[in-house]
Amino acid sequence: MLTFTLKRLAIGLLCLVGVSLIIFVAMRVSGDPTLLLLPDDALPEDRHAMRVQLGLDLPVPVQFGVFLENAFLGDFGNSIRWKMPAMSLVLSRLPATLQLAALAFLIAAVFGLLSGVAAARLRGTVYDSLIRFVMTLGLALPVFWIGLMLIMTVSVNMGLLPTSGRGTFWHMLLPAVTMALNPAAALSRLTRSSMLNVLGTDYIKLARVKGNSDSRVVWKHGLRNASIPVVTLAGIQLANMIGNTVVVETIFAWPGTGKLIIDAILARDFPVVQAAICLIAAIYIGLNLLVDLLYGVLDPQIRY
Amino acid sequence: MNTVTNGLAWARLGSGWRRLPIFPVILLAPMVIFGILGTHIAPYDPGATNPVNALKPPSWLIGEGFSHLFGTDYLGRDVFSRVIAGARASLTVSVVGVGIAGCVGICAGLVSGYFGGWAETILMRLVDIQMSMPPILLALLLSASLGTGLWMVIFVVAVVFWTNYARVLRGEVLSVRQRDYVVMARVLGCRSHTILRRHILPNVIDSALVVASLQLGAAVILEASLSFLGLGVQPPAIAWGKMIAEAKLYLATAWWLPFFPGLALVITVLGANMLGDWLRDRLDPKLRNS
Amino acid sequence: MQYDPVLSVRNLETHCFTPKGVLKAVDGVSFDLHSGQSMGLVGESGSGKSMVCNSIIRLLPRHGVRTVGGQVIFSGRDILGISESEMRRVRGREIGMILQDPLMSLNPVFTVGNQVGEMYRLHPQAEDGRPIHQRVLDVLRKVAIPSPEQRARQYPFQFSGGMRQRTVAAIALAGRPKVLIADEPTTSLDVTIQDQFLCLLKELQEQEGMCLILVTHDLGIVAETCDNVAVMYAGRIVEVGPVREVLMRPAHPYTEALLRAIPKPGGRGTRLYQIDGEPPNLLDPPPGCPFQPRCARAMPICARTTPPMKADENGRAAACWASDIEEVRA
């Protein structure tokens, strides 16, 4: 178990280096940062001084080395727009994003699991078809559109919830529901098919033969087996959610990392973009590792 | 998939055509027609402004017949015509993008699955690295640094989606290459590219097709998200995501502005997803959980 | 008979409702099981043996399969008519069952001890005051699982096929049922393990005084293990009687054919007998006796009227116009 974890951590670190390389290259391709940092009418000498100061006069591989070294120390340079260390800026916005993602994930997991199990138990009935149709539809709804539609109906027309910003729980509800919709649909569909597979097995029949009630058969004997593929998907969905915050936070003006990334991209504030994406990639990798470890807990046959 | 020659997807679909996927076809057909014919069938020039007639609700709701089915926007442009025109960007980006991703991903999958070695190591590490980033962030990073425009968006879509093909195809190739007829062909001294083309590709192309169809909907959403965030195709090209973004200011007054482009988007994605489900159930049920 | 039977199945009818029509999977099956008796239920695959067992314990596939008629009288009441929650107390506690595939019938994510112990948690009326853990070890010992303390903490995948089957038997025994149904319990085991398991089953049945219904397609197993045998064909019982008599002197041509199809020692070089034709299509059964199209002794009446069960005083019965059973009318 420990060796497995360490090995996966090492691979994760390598991936992070890879991600840094991608970000580094993307930054290089996008043009000369001094054009952004200095006014248009700056003197060529000043520009050159700036390049030397930023280390841009060094050979590219050396630049990457320096970038990597600084990145591992958490130093991504200063935000061009906000004039403060990029990483601390990103970190200051992170709690808001995590809070939102956590609530959204909770909603998605509960709703997806319950509806998936319900559909499996009601297999072949009208309710099953209804749940499946709703979930297929749910999977096709673009996050940004459904967010706007919710704002329009729930907030603007009915005046039930605030349209944007952060403050109370009620501020969080609409963005979280918006974000939860797609993952809930995906989880529901997978839970249903996985549960149906499990319910057809002999060990489920034996559980019935033993005299278990239907709900005990499903929740005790079925769910843990059925949840093994679902956990993988849930991990992917949680990770994707952190990506999706970019869109959702923009719509709801939620002051989190996602909104920060978009603002930084539109303002060409690359240090912030790099810091945020590196951090999110690190979270992403950590979540994937967590899912793999959870696997071992759920399925006793997996021993690392 | 026991024989060498029946690998072609269409052969297996044979009996299936009698049970056409009616629902997906009904959903997708109008979008495809809009995408191809576009402005030729639109009732108005989608770019023509008419400030006098701005922000009119759908005509059939205010008793004006069929003049502006989906209403008009803040510049008086006909929303219905713009929705029709927007289909082109959406379909072009997703189909071409997923297609290019397919070509690249299939090659990568074949090479890494069949030859293994350093090519496999490099390709699969690349896949790992890319998969440690949320796709939307990768897309944003690329658009931000490379710029926008139709071909850039297509490139972004291709970059985001090639990894899935590579992963799935590599797994398939690994299992196919163990089969007797492939081993036999190698023993008989067939050249690698002949084996790949004649024996392996036909047997894994089904999976690629399924992956492609399942990704189509995701690509449509990605394109729309990028244009919503202002990083998609640029004016004068029309994109649904952009229309929705422009409508943000009119949420309280003109619901039809964000509603109809979004509806078109939902219909397209729903159609594509259902087509993907249908193909997967027919061709490759083992991909169900992926 | 001086005692009431423990389990009495009367005219059981279970139908599958398919898009192509109604399939009579179990078509009027009747038999009695007396205290301590064991009965073999024999027939080809698809003859409805498993369906009979699933109908008795009321665990049919949810859709399209229903018991439409008959009675299953157990401890004086018709268990086809009781509520589902009452039925749950019958399952496991009164009627136990061993499923076909031992590799698949244990839940992979729970320890063996947990799965055996669940029987005691589900049926506390079987309680005798001792802690569950202790009783789990006892029952594991009973089915000859070595070092049960250790084994109880393991997961099914760490068990061999034979051990898993014995664990399933332990689960069945834990409820101390009056009737144990074993649905082809040995088909997926090695031959040597098969014998071991059948001996164990026989031994336990005698020790506990249970009734046993052993479903199999192997007449040899029946000969070794059972007191009585019922032969099924096309959803009906065609012959029933004490094992020795039926096997020595089959009254139904189908039983006879089954017996001839068993390879005999020393029979090398001779072609193995094979029953001509195919089992009937149950969606569209032939008129009259279902075996008549394949029967060597078919007579004109066979194609017209289904033969009734003729029973003699020793409990032998057969449904054949040509049988020489002397019918006794009560």
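With that settled, consider the confidence of the model for chain B. Residues and elements named next belong to chain B. Averaged over chain B, the pLDDT score is 83; the fraction of residues at 70 or greater is 91%. Counting interchain partners and residues more than four positions distant, the pLDDT-below-50 stretch residues 1-12 has 27 contacts. Considering only residues more than four positions removed or in separate chains, one finds that residues 14-18, a stretch of pLDDT under 50, has four contacts.

This brings us to the interface of chain C and chain A. With 29 residues of chain C at the contact, the number on the chain A side is 22 residues. With both chains or domains summed, chain C and chain A bury close to 2500 Å², and 59% of this area falls on carbon and sulfur atoms. Inspection of the region where chain C meets chain A yields three salt bridges. When the shortest N-O distance is used, the salt bridge between K210 of chain A and E118 of chain C registers 2.7 Å. Remark: the boundary between chain C and chain A carries 12 residue pairs in polar contact (both at pLDDT 80 or more). Elements with a minimum of two residues in the side of chain C that touches chain A: helix 3 (112-122) and helix 6 (161-174) of chain C. Looking at the side of chain C that touches chain A element by element, the count peaks at six residues for helix 3 of chain C. In terms of residue class, the side of chain C that touches chain A is built from 15 nonpolar, eight polar and six charged.

Another point: the packing of helix 10 (residues 214-252) of chain A against helix 5 (residues 135-146) of chain B. Each pair of packed helices can be described by the angle between their axes along with the distance between the axes. At a minimum axis distance of 7 Å, the contact between helix 10 of chain A and helix 5 of chain B shows a crossing angle of 45 degrees. Looking at the two axes, helix 10 of chain A sits oblique to helix 5 of chain B. Packed against helix 10 of chain A, whose contacting residues are N240, G243, N244, V246 and V247 of chain A, the element helix 5 of chain B presents P135, I136, L137 and L140 of chain B at the interface. When the residues that make up the contact of helix 10 of chain A with helix 5 of chain B are grouped by side-chain class, the tally is six nonpolar, three polar and no charged.

The next point concerns the interface of chain B and chain A. Facing 41 residues of chain B, the contacting portion of chain A comprises 46 residues. With both chains or domains summed, chain B and chain A bury close to 3700 Å², and 82% of this area falls on carbon and sulfur atoms. Interface area lost by chain B to chain A is led by L137, L141 and L251 of chain B, which between them contribute 15%. Across the chain B-chain A interface, the total number found is one salt bridge. Of the charged contacts in the structure, one is a salt bridge between D277 of chain B and R189 of chain A, with a shortest N-O distance of 3.0 Å. Run the count over chain B and chain A and you get two residue pairs in polar contact (both at pLDDT 80 or more). Counting only elements with at least two residues in the side of chain B that touches chain A, the list comes to helix 4 (117-131), helix 5, helix 8 (192-228), helix 9 (240-246) and helix 10 (256-283) of chain B. In terms of residue count, helix 10 of chain B provides more of the side of chain B that touches chain A than any other element does, 11 residues in total. Across the side of chain B that touches chain A, the residue classes tally to 30 nonpolar, seven polar and four charged.

Definitions and limits used
Residues numbered from 1 in each chain as written. Chains lettered and ligands numbered in written order. Predicted model: local features only at pLDDT ≥ 70, side-chain atom pairs only at ≥ 80, totals over all residues. Heavy atoms only, no water. pLDDT = per-residue confidence, 0-100. Contact = heavy atoms within 4.5 Å. Buried area = accessible area lost by both parts, 1.4 Å probe. Salt bridge = Lys/Arg side-chain N within 4 Å of Asp/Glu carboxyl O. Polar contact = N/O pair within 3.5 Å; in protein donor to acceptor, adjacent residues only side chain to side chain. Helix = DSSP H or I, 4+ residues; strand = E, 2+ residues; numbered from the N terminus. Nonpolar A, V, L, I, M, F, W, Y, C, P; charged D, E, K, R; others polar. Axes fitted to C-alpha atoms, helices over the stretch in contact; angles between N-to-C directions. Parallel < 35°, antiparallel > 145°, perpendicular 65-115°, else oblique.

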